[in-house]
Amino acid sequence: MIPHAGSLDPHFEAALRELELPALGRLLGLLTPTGADVGGHAGDGDEHTPCPPHELFLARLRGVADDHPPLAAWRLRAAGQSPDTAAWALLTPVHFAIGTEGVTAMDPSTLDLDEAESRAFLDLLAQTVFPAAEGWRTAWLATNEWAVAHDDLDGLAAASPDRILNRGIETWMPTARRLRTLLHEMQMVLHEHPLNQAREARGLRPLNAAWLSGCGRDRGGELPADLIVDDRLRGPQMTGDLYRWSEAWKVLDQGPVAAALRAAQQGEPVRLTLSGERIARSWTRVPAGSWQRLKERFSPPTASVPAALEVL
């Protein structure tokens, strides 16, 4: 599976027409669409769903069919921590940049947090906004990712960080009053706090907000053992870096995609899923007879890569 394979940004669409991905074109020529798109069909997907298609696709593989999977609980499980029966939410530290056109959530990587500083900020929020005395639990997962748990979080809808980072947040503000209140309380606590004053003295952006998402109690199974998720397009796509996105695609084409092509040419079962902002579409290798394999050998079919990626 390759998330962020396409983008609605017109600059990426222009780059796509210039991008040469020969292995992907040949692989798609051998595969057949499964018809089981996640997020929509043939360009009818919705780029405004709280969870992007790749997250919904992975949830379907776990057996969760609704549009609000418990991503936080799964992240805890992946980190070796037990989510038990609590209702968890991901907490993503960010910098809200205020501009003439609104408020933009800057990617956590731009904060340059180290582990000690990250833990100090989470401890601060645990003492003020998420106190244990009021039934809250907190968990540190990584420098740029935390989690909190409380019964109040169960079933609350919130946009994924992949929807809001490096974009205006107004469209994605949660409708649940509880989440909006928590966001506001965190901003108040973080505003001009000594931890942030020390950061600004070092020329760093203040950590002035944290985004809540992925709410819910643990449910669903494990992902398939043979699933490969290659996420290398995420960084360039999220930051709008046209050059890095194109170069990352070329590396993918020469590596994992070429390996899948060789497997498909040998008749092995191959399933490819590409995901953009609207849909996640899957292709699979349909068993071919001896005549079909001979024809493919001497006249390899090739599909249009731009046509396949533009609808995602």
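Predicted model only: the values in this text are computed from it and were never measured. (Residues numbered from 1 in each chain as written. Predicted model: local features only at pLDDT ≥ 70, side-chain atom pairs only at ≥ 80, totals over all residues. Heavy atoms only, no water.)

Asker: Can you help me understand the packing of helix α10 (residues 242–254) against helix α11 (residues 256–265) in this one?
Answerer: The geometry of a pair of packed helices is captured by two quantities: the angle between their axes and the separation between those axes. Across the interface, α10 lies against α11 with an axial gap of 3 Å and an inter-helix angle of 30 degrees. When the interaxial angle is binned, α10 and α11 end up roughly parallel. Listed contacts from α11 to Trp249, Val251, Leu252, Asp253 and Gln254 of α10 are Pro256, Val257 and Ala258. (Axes fitted to C-alpha atoms, helices over the stretch in contact; angles between N-to-C directions. Helix = DSSP H or I, 4+ residues; strand = E, 2+ residues; numbered from the N terminus. Parallel < 35°, antiparallel > 145°, perpendicular 65-115°, else oblique. Contact = heavy atoms within 4.5 Å.)

Asker: How do you make sense of the sheet that holds strand β8 (residues 280–284) when you look at a structure like this?
Answerer: In a beta sheet, neighbouring strands pair by backbone hydrogen bonds and run either parallel or antiparallel. The three strands lie next to each other as β1-β8-β7, forming an open sheet whose pairing is antiparallel. The sheet is open, and its two borders are formed by β1 (32–33) and β7 (271–275), each paired with just one other strand. Of the pairings in the sheet, the one linking β7 to β8 comprises five bridges and is antiparallel in character. Counted as the bridge partner of leucine 274 is arginine 281 from β8. With respect to the sheet, helix α3 (residues 53–61) is in contact with β7 and β8, its orientation differing from that of β7 by roughly 145 degrees. (Pairing = 2+ DSSP bridges.)

Asker: Would you mind going over the environment of alanine 263 with me for this structure?
Answerer: Within the element layout of this structure, alanine 263 appears in helix α11. Taking the relative accessible area as the measure of exposure, alanine 263 reaches 15% and is therefore buried. Taking the C-alpha atoms as reference, alanine 263 lies 9.9 Å from arginine 285; in sequence the two are 22 residues apart. Not counting residues up to four positions away in its chain, the partners in contact with alanine 263 are Glu268 and Val270. (Buried < 20%, exposed > 50% of the residue type's maximum accessible area, 1.4 Å probe, protein only.)

Asker: I would appreciate a short explanation of unusual backbone geometry in the present structure.
Answerer: A negative phi holds for most residues other than glycine; trans holds for most peptide bonds. A positive phi is found at aspartate 84, a non-glycine position, where the angle reads about 40 degrees. Residue position: aspartate 84 is located in the loop between α4 (71–78) and β2 (87–99). Residue classification places aspartate 84 among the partly exposed residues on the basis of a relative accessible area of 38%. Notably, asparagine 166 is not glycine yet its phi reads approximately 65 degrees, a positive angle. In this structure, asparagine 166 sits in the loop between α6 (161–164) and α7 (177–190).

Asker: Would you mind showing me how to read the nonpolar core here?
Answerer: Nonpolar side chains in soluble globular proteins tend to be buried together. Leu91, Phe130, Leu153, Met186 and Leu212 are the most contacted members of the largest nonpolar core, which has 40 residues in total. Those elements that provide at least two residues to this core are β2, β3 (102–106), α5 (115–128), β5 (145–149), α7 and β6 (209–217). Not counting the four nearest positions on each side in its chain, phenylalanine 130 is found in contact with Leu91, Leu125, Trp136, Thr138, Val148, Leu182 and Met186. (Core = buried A, V, L, I, M, F, W, Y, C linked by side-chain atoms within 4.5 Å.)

Bear in mind that shape data such as this cannot, by itself, settle questions of function.
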